[in-house]
Amino acid sequence: MVTLAEVAQHAGVSASTVSYVLSGKRSISTTTRQRVEQSIRELGYHPNAGARALASSRSNIIALMIPLRTDMYVPVMMEIAIAVATTARTHGYDVLLLTGEEGPDAVRRVTGSGLADAMILMDVELDDERLPLLRDSQQPSVLIGLPAETAGLTCVDLDFKATGALCVEHLATLGHRDIAVIGEAPAVYERHTGFAERTLDGLRLRSQELGIRLLHRPCEGGYDAMAVTLARILDERPGTTGFVVQNESAVEPLLALLRQQGRAVPEDVSVLAICPDQVATQASVRLTSVSIPAQEMGRHAVEQLVAKLDGRGSDEVVLIAPELTVRASTGPASS
């Protein structure tokens, strides 16, 4: 392994000069800096992470808190995590993944140990217990998600309230007056998870404005749970002609059950999903959908965080506008 002393000898400078070039703590002439950087490249030198952290009080690590719960769709969470990791790497940061359901304890562990320079939090609840600690901490942080109160926080998310409204508008334009929403698992709403609550707010508000009858039913996902949920919906609202699905694991069971009941999609009923494009395009009926911009959310979060670390950022809320793609699963309401 190449040492700092070998870089110094190769560049014809002192070891302290190499250290100053790496840390940026002192002004070094352009010619000397370029000579040192060329030697680093030619020799393939990589500073020791532990020593660099001690010298600069920086670890060049971002902590990503992503509780992997059984009631969440993990592929979306991991797609965001990959976007965070790849974007962080382009800025010279590595990512420490914290997947436990530790809540405030995880925030305390990161802020108290110096494990990371900054934090990104996912699976944000409306009244998230982690937020008071973030507001009191001097450590930069960004939320992928939107709590009820955003003062003093930086947040990035899909505009889920606008997403819900957009779904209602699309189905209403096609003449659907009775719409059922198949939501996430009940525990997601019991935790008051931000994205699910905000989607429901948008659905309900726009339905009220347009005179649409809306019924929301949480669902665990899977065939058996979907069968019970669909039976309940059709018993309570037999005239339902439009479905909005915000639960990836319920998509294919719903389509299968509708086929078994002789309800053709989209001739008899329309189905619109809030899901990744891959889920929508690979379903047995290509689904009209509002996509989850996972990569864009992850990239925006890192860019906001790096700006804060560089002293350029400020607390703000970035909401990504929803985009609806019409495919084969929605059509005019049957008369």
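These numbers were taken from a predicted model, which means no experiment stands behind them.

Thresholds applied
- Residues numbered from 1 in each chain as written.
- Predicted model: local features only at pLDDT ≥ 70, side-chain atom pairs only at ≥ 80, totals over all residues.
- Heavy atoms only, no water.
- Helix = DSSP H or I, 4+ residues; strand = E, 2+ residues; numbered from the N terminus.
- Buried < 20%, exposed > 50% of the residue type's maximum accessible area, 1.4 Å probe, protein only.
- Polar contact = N/O pair within 3.5 Å; in protein donor to acceptor, adjacent residues only side chain to side chain.
- Contact = heavy atoms within 4.5 Å.
- Pairing = 2+ DSSP bridges.
- Axes fitted to C-alpha atoms, helices over the stretch in contact; angles between N-to-C directions.
- Core = buried A, V, L, I, M, F, W, Y, C linked by side-chain atoms within 4.5 Å.
- Domains from an automatic or database assignment.

Participant: What exactly am I supposed to notice about the side chain of S329 here?
Facilitator: Assignment of secondary structure puts S329 in the segment after β12 (324-325). Its relative accessible area of 0% is what places S329 among the buried residues. At a separation of 2.8 Å, a polar atom in the side chain of S329 contacts the main-chain amide nitrogen of T288. Beyond its immediate stretch of four places on either side in the chain, S329 contacts V265, P266, V269, S270, V271, V285, R286, L287 and T288.

Participant: Sorry if this is basic, but what is going on with the sheet that holds strand β11 (residues 317-320) here?
Facilitator: Pairing in this open sheet of 6 strands is parallel, and the strands run β2-β1-β3-β4-β5-β11 from one edge to the other. Both edges of this open sheet fall to β2 (94-98) and β11, since each of them pairs with a single strand only. Pairwise comparison of adjacent strand axes, ignoring direction, gives a mean angle of 20 degrees for this sheet. Of the pairings in the sheet, the one linking strand β5 (residues 155-158) to β11 comprises 4 bridges and is parallel in character. By the bridge assignment for β11, C155 is matched with V317.

Participant: What should I look at first to understand the nonpolar core in this one?
Facilitator: When a protein is soluble and globular, its nonpolar side chains tend to lie buried together. I80, I120, I144, L203 and V244 are the most contacted members of the largest nonpolar core, which totals 48 residues. The element best represented in this core is helix α14 (residues 294-309), accounting for 7 residues. Shared between two domains, this core takes at least three residues from each, and those domains are domain 2 (61-158 + 294-320) and domain 3 (160-292). In this structure, I182, M226, V285 and L287 belong to the second largest nonpolar core, which totals 26 residues.

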